[in-house]
Amino acid sequence: MKRVAILIFPGFQILDLAAIAAFELANASLEQPFYQVAVLSEEGGLVESSSGVQVASTPLDSTQFDTIVMTGSLAPHPTSDTLRRFLGSRQHSARRIASICTGAFGLADAGLLDGRLATTHWAFANELEQRHPRVKLQADRIFVHDGPVWTSAGMTAGIDLMLALVEDDLGVDVARLVAKKLVVYHRRAGGQSQFSALLELEPKSDRIQQTLAHARANLRKPLSVEDLAEVAHLSPRQFSRTFKSETGQSPAHAIENLRVEAARVMIDAGNLSLGVIAEEAGFGDPERMRRAFVRSLGQPPQSMRRMSRQSVAVRAEGRFSGAHAVT
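Reading the values: the criteria
Residue positions are given per chain, counting from 1 as you read along its sequence in written order. The model is predicted, so local features are restricted to residues of pLDDT at least 70 and side-chain atom pairs to those at 80 or more, both for listing and for counting; the totals for chains, interfaces and linings are taken over all residues. Side-chain metrics rest on all non-hydrogen atoms present in the structure, leaving aside hydrogens and water. Here a pair means two rings of Phe, Tyr or Trp (six-membered ring of Trp) with centres within 6.5 Å. Their orientation is stacked below 30 degrees between planes, edge-to-face above 60, and tilted elsewhere. Throughout, exposure labels follow a simple rule: accessible area from a 1.4 Å probe, protein chains only, divided by the maximum for the residue type, with under 20% read as buried, over 50% as exposed, and the rest as partly exposed. Inter-axis angles, ranging from 0 to 180 degrees, are taken between N-to-C directions of lines fitted to C-alpha atoms, where helices are fitted over the stretch in contact. Elements are defined by DSSP. Helices are runs of H or I of four residues or more, strands are runs of E of two residues or more, and each kind is numbered from the N terminus. Crossing handedness: left-handed means the near helix sits turned counterclockwise from the far one by under a right angle, and right-handed means the same turn made clockwise. Only heavy atoms matter for contacts: two residues are in contact if any of them lie within 4.5 Å across the pair. Each residue gets one of three labels, nonpolar for Ala, Val, Leu, Ile, Met, Phe, Trp, Tyr, Cys and Pro, charged for Asp, Glu, Lys and Arg, and polar for the others, Gly among them. Strands are treated as partners if at least two bridges between them are detected by DSSP. For classification purposes, angles smaller than 35 degrees are called roughly parallel, those larger than 145 roughly antiparallel, those between 65 and 115 roughly perpendicular, and all remaining angles oblique. Each nonpolar core is a collection of buried residues, namely Ala, Val, Leu, Ile, Met, Phe, Trp, Tyr and Cys, held together in the definition by side-chain atoms within 4.5 Å.

J.: Just checking my understanding: could you explain the packing of aromatic side chains for this structure?
T.: What describes a pair of aromatic rings is the distance from one ring centre to the other and the angle between the planes of the rings. The full count for this structure, using the stated rule, is four aromatic pairs. Ring centres of F34 and Y35 lie 4.9 Å apart, and the angle between their planes is 85°; this geometry places the pair in the edge-to-face category. The exposure class of F34 is partly exposed, given its relative accessible area of 22%. Through pairs of rings, three or more aromatic residues link up here, namely F23, F34 and Y35.

Below, the structure written as structure tokens:
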């Protein structure tokens, strides 16, 4: 049995407790329970969340845990001396320590993120960087792991992080089954952007929304203005004008961003060559993909592949070196 501690405090965000469901469903998927989950707070008892809902908790004590998860709040919450000492005292005994959303501030306050790669909710990334300049912040990531320390972006990204932890422990098949039971995508890659290209476009009409959905499902195809206009049942000229008016982008720019986003996910998965990814994402060839990445992200796909492989290497080193403590 792996003991898991979920740390809460007055004003915590209750959606972060979705982490419990991931571990619970992992247990339900096995012949015998693998995780034992406890909700902890400074003094124990009922703790009121930011929504006003109260959650029962156990007081902090000397119990040893395999995994510790720090929840977050709607805005960075001051970390009490007690919680800071607790986190600091566990960094050499817990196999891994994680945070959800602004819970990263708690880990940073305890010194656990010094010199490490980390992320948090995009709205508070600058504040984390200013308060803790020794953190190697990766603001545009769903989740990040640097050795035994894991951090995630905003609330629902915590689910992606918990699925990653389950996969790390029990393999991809169990994690996929848990995701299926949660009815969520298995799973957004850690390197995926916190920002969705479709959400940034925010089209107003169903016609343009449907056209974008068609484009995203058919990225391998040419997707010319004429093709998209036909889906929207508009003339090419009228479609271009309407699209730009509703999204603030030209159709060509929007399609390129969708392709870059799709390619980033495939790069992070690490299973395909850049040539195959360029074909699958609709770029046609790696050089065209490289130019699009530089325009959109400021760096080529080769750099992202290197970062992804380095992240995998760090994870493997932490798993197999025998150094299970957070150092």
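From this point on, the discussion continues.
J.: Would you take a moment to explain the packing of helix α1 (residues 18-28) against helix α6 (residues 172-182) for this structure?
T.: The packing of two helices is summarised by the inter-axis angle and the distance between the axes. At a minimum axis distance of 9 Å, the contact between α1 and α6 shows a crossing angle of 115°. Classified by chirality, the crossing of α6 by α1 is right-handed. Only V178, K181 and L182 of α6 make contact with α1, whose side of the interface consists of A21, A22, L25, A26 and A28. Residues of the contact of α1 with α6, tallied by class, amount to seven nonpolar, no polar and one charged.

J.: Even after reading the chapter, I still don't get the sheet that holds strand β1 (residues 2-7), so can you show me in this structure?
T.: Backbone hydrogen bonds are what pair the strands of a sheet, in a parallel or an antiparallel way. Spatial strand order, β3-β4-β2-β1-β5-β6-β10-β9: eight strands in an open sheet with mixed pairing. Each of the sheet's edge strands pairs with one partner strand only, and the pair in question is β3 (45-48) and β9 (143-146). Pairwise comparison of adjacent strand axes, ignoring direction, gives a mean angle of 30° for this sheet. Contacting β1 and β2 (35-41), α1 runs over the sheet at an angle of about 160° to β2.

J.: Explain the packing of helix α8 (residues 206-217) against helix α10 (residues 236-247) here, please?
T.: Following both chains from N to C, one finds α8 and α10 inclined at 95°, their axes separated by 10 Å at the closest point. The pairing of α8 with α10 is recorded here as roughly perpendicular in orientation. Note on element contacts: α10 touches α8 through F239, T242, F243, E246 and T247, opposite I208, T211 and L212. The residue makeup of the contact of α8 with α10, split by class, is four nonpolar, three polar and one charged.

J.: Teacher, can you tell me more about the nonpolar core here?
T.: Soluble globular proteins tend to bury their nonpolar side chains together. In terms of nonpolar packing, the biggest core is built from 61 residues, with L7, I68, L87, L107, L113 and M162 touching the most fellow members. Non-local contacts of L87, meaning those with residues more than four positions away in its chain, are made with L7, I68, M70, I97, G106, L107, A110 and L112.

J.: I would appreciate a short explanation of α1 in the present structure.
T.: Three- or four-residue spacings in an α-helix give side chains the same orientation, since the helix completes a turn every 3.6 residues. Regarding α1, the residues found buried are A19, A22, F23, L25, A26 and N27. Summarising the contacts, the buried residues of α1 are in contact with β1, β2, α5 (157-170) and α6.

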